[in-house]
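# Descriptive analysis of the structure
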Amino acid sequence: MILDTKSVGVCDAIENARAHITGRNLRYYVYTFGCQQNEADSEKIRQMAENMGYLSADCSESADLVILNTCAIREHAQMKAMSLLGTFKSQKKKNPNLVVGLVGCMAAKDEIVKNIKAKFPFVSFTAEPNMLHRIPEAVLSAVTEAERTFIIGEDSGNIVEGITQKRTSAHKAMVSIMYGCNNFCTYCVVPYVRGRERSRDSSAIISECKELVRGGVKEIMLLGQNVNSYSSDIKFPELLSRIAELEGDFIIRFMTSHPKDTTSALIDVMKKYSGKVAPYFHLPLQAGSNRILSRMNRTYTRERFWEIVQELREKIPGISLSTDIIVGFPGESEEDFLETLDMLKICRFDLVYAFMYSSRVGTAAAKMDGHIADTVKSDRLSRLFEIQDPISYEKNLPYLDSYVRVLVDSAEERDGERIYTGRTDTNKLVHFTGDAVSIGEFISVKIKKICGFDLIGDAVK
Ligand code: 5AD
Ligand code: SF4
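Keep in mind that what you see is a predicted model, and the values were worked out from it rather than measured.

So, on to the site of ligand 1. Every residue close to ligand 1 is listed here: Ile73, Arg74, Tyr187, Gln286, Asp324, Ile326, Phe355, Met356, Tyr357, Ser358 and Arg360. At a separation of 2.7 Å, an oxygen atom of ligand 1 approaches a polar side-chain atom of glutamine 286. Here a nitrogen atom of ligand 1 and a backbone polar atom of serine 358 are 2.8 Å apart. Sorting the residues of the shell around ligand 1 by element identifies strand S15 (320–327) and strand S16 (351–356) as the ones contributing at least two each. Of the residues assigned to the shell around ligand 1, the class counts are six nonpolar, two polar and three charged.

On to the domain arrangement of the protein. Bring the parts together and some accessible area is lost; that lost area is often taken as the interface size. Taken domain by domain, the protein holds domain 1 (2–151), domain 2 (169–278), domain 3 (281–399) and domain 4 (400–460). One C-alpha centre belongs to domain 1, the other to domain 2, and the line joining them spans 27 Å. Between domain 1 and domain 2, the contact holds 17 residues from the first and 19 residues from the second. Here domain 1 meets domain 2 over a buried area of about 1400 Å², counting both sides, of which 54% is carbon and sulfur. At the surface where domain 1 touches domain 2, the tally comes to one salt bridge. One salt bridge in this structure joins arginine 194 and aspartate 41, with 3.3 Å as the shortest N-O distance. Here domain 1 and domain 2 share five residue pairs in polar contact (both at pLDDT 80 or more) between them. For the side of domain 1 that touches domain 2, the element with the most residues is helix H2 (residues 36–51), which contributes eight residues. Looking at the side of domain 1 that touches domain 2 residue by residue, the class counts come to eight nonpolar, four polar and five charged.

Turning our attention to the sheet that holds S15. Read across the sheet, three strands follow the order S14-S15-S16 without closing on themselves; strand pairing throughout is parallel. The outermost strands of the open sheet, each flanked by one partner alone, are strand S14 (280–282) and S16. Neighbouring strand axes in the sheet, compared pairwise and without regard to direction, differ in orientation by 10° on average. For S15 and S16, the ladder comprises six bridges, and the chain directions are parallel. Note that in S16 the partner of serine 322 across the bridge is leucine 351.

Moving on to unusual backbone geometry. For the bond running from methionine 255 to threonine 256, omega is 5°, close enough to zero to count as cis. Mapped onto the elements of the fold, threonine 256 is located in the loop between strand S13 (251–255) and helix H10 (264–272). Although it is not a glycine, threonine 299 sits at a positive phi angle of roughly 65°. Mapped onto the elements, threonine 299 comes out in the loop between helix H11 (290–295) and helix H12 (302–315).

What counts and what doesn't
- Residues numbered from 1 in each chain as written.
- Chains lettered and ligands numbered in written order.
- Predicted model: local features only at pLDDT ≥ 70, side-chain atom pairs only at ≥ 80, totals over all residues.
- Heavy atoms only, no water.
- Near = heavy atom within 4 Å.
- Polar contact = N/O pair within 3.5 Å; in protein donor to acceptor, adjacent residues only side chain to side chain.
- Helix = DSSP H or I, 4+ residues; strand = E, 2+ residues; numbered from the N terminus.
- Nonpolar A, V, L, I, M, F, W, Y, C, P; charged D, E, K, R; others polar.
- Domains from an automatic or database assignment.
- Contact = heavy atoms within 4.5 Å.
- Buried area = accessible area lost by both parts, 1.4 Å probe.
- Salt bridge = Lys/Arg side-chain N within 4 Å of Asp/Glu carboxyl O.
- Pairing = 2+ DSSP bridges.
- Axes fitted to C-alpha atoms, helices over the stretch in contact; angles between N-to-C directions.

Following this line, the structure appears as structure tokens:
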């Protein structure tokens, strides 16, 4: 079900909070860990804070409201967030009015919330990822009654529409189209912390995109844990076509896709709207051995994956591909790992994001036998990059001396020279020089050098 902010009392909570907060010039600071979904959620949190009357702070030290938007996907991300959280104990001593909140995926885990309740008394609230609209209420209780609020286990499976995002970029916009995941890959905590899949109404998404393009946005990133299983009145390929048909000079990206939902219909839409839909696909492989893929519950084989890669390359010439790999999944033998390396050599991805398997409480893989020692995992990770790094470099070589369209993201002075940074439609990072370059605009760049994973060039008029 789709609810609006009014029906869940968000507006009232914001109004009440504003009545207490405005005029005192209080400031907020938001930390974001993890994926782009969290980046998008943080933009909503910032907007809610501003609606409550908080102003943005340059750093957490000068803030009266600090919110950590967290990730639970690997142990490392959790440890980083917990140690950061600990540092606010002394700030709270100096400023007893400081309100600290921990939200996002970690706040959906019972053991973490219990620990915070018992051992982090300076934390005023927690809110699981699908309950972020209740942050104003929690802040209000903290500010007016010094009460602690823990919002967990309350996800009703609804989507709350109407919370606007305080967008960090004027030319790139993230648009969430679906939330949650039903796939239950055996290693992954996401279905437990973000709940079941739910898709936004296509009409709400399309009007949001229309507004963004009208406002000058040049890149729309459609987001979802499992973006291509989007399903409301229409399915993902149809949604993509409708957005691509909007008038304007802009590019559409989407992530993250599951191979099982990467259909010919989707690839055909990418081909049909090749000027609008970026020739780039992030297609997580996770492992190259069919035995491990099955233990991971990925529901495809290496053969099927390779078919998708071939279809993408045949229909969209020049497409760039990236993937995710997990090394050291329980039971992964040396032979299984060699099959992963083999798949990297066959598929020749432009970019690979590889991770050591991290056991997550409550997932099926955590209970499997055959857990692998960290030393073996880290050895496999380095061997993986020994194979992949030269491939990534070689995949960039055809760009040399070519002209590419780049969306300009930023500029900085280096050794007295102004260096611009942007991305090609194929998502390659480009550093370049040039006159009359404007941030947020498309520009043509001639590539003169390949440096590691990046392209170096000069803007051309
Ligand atoms: N351990 C290591 N990597 C993981 N990922 C998801 N869960 C885990 C885990 N438990 C990786 C997958 C996914 C990416 C976002 O994070 O490769 O695609
Ligand atoms: Fe996790 Fe698998 Fe869902 Fe991706 S598809 S969020 S890896 S369970």
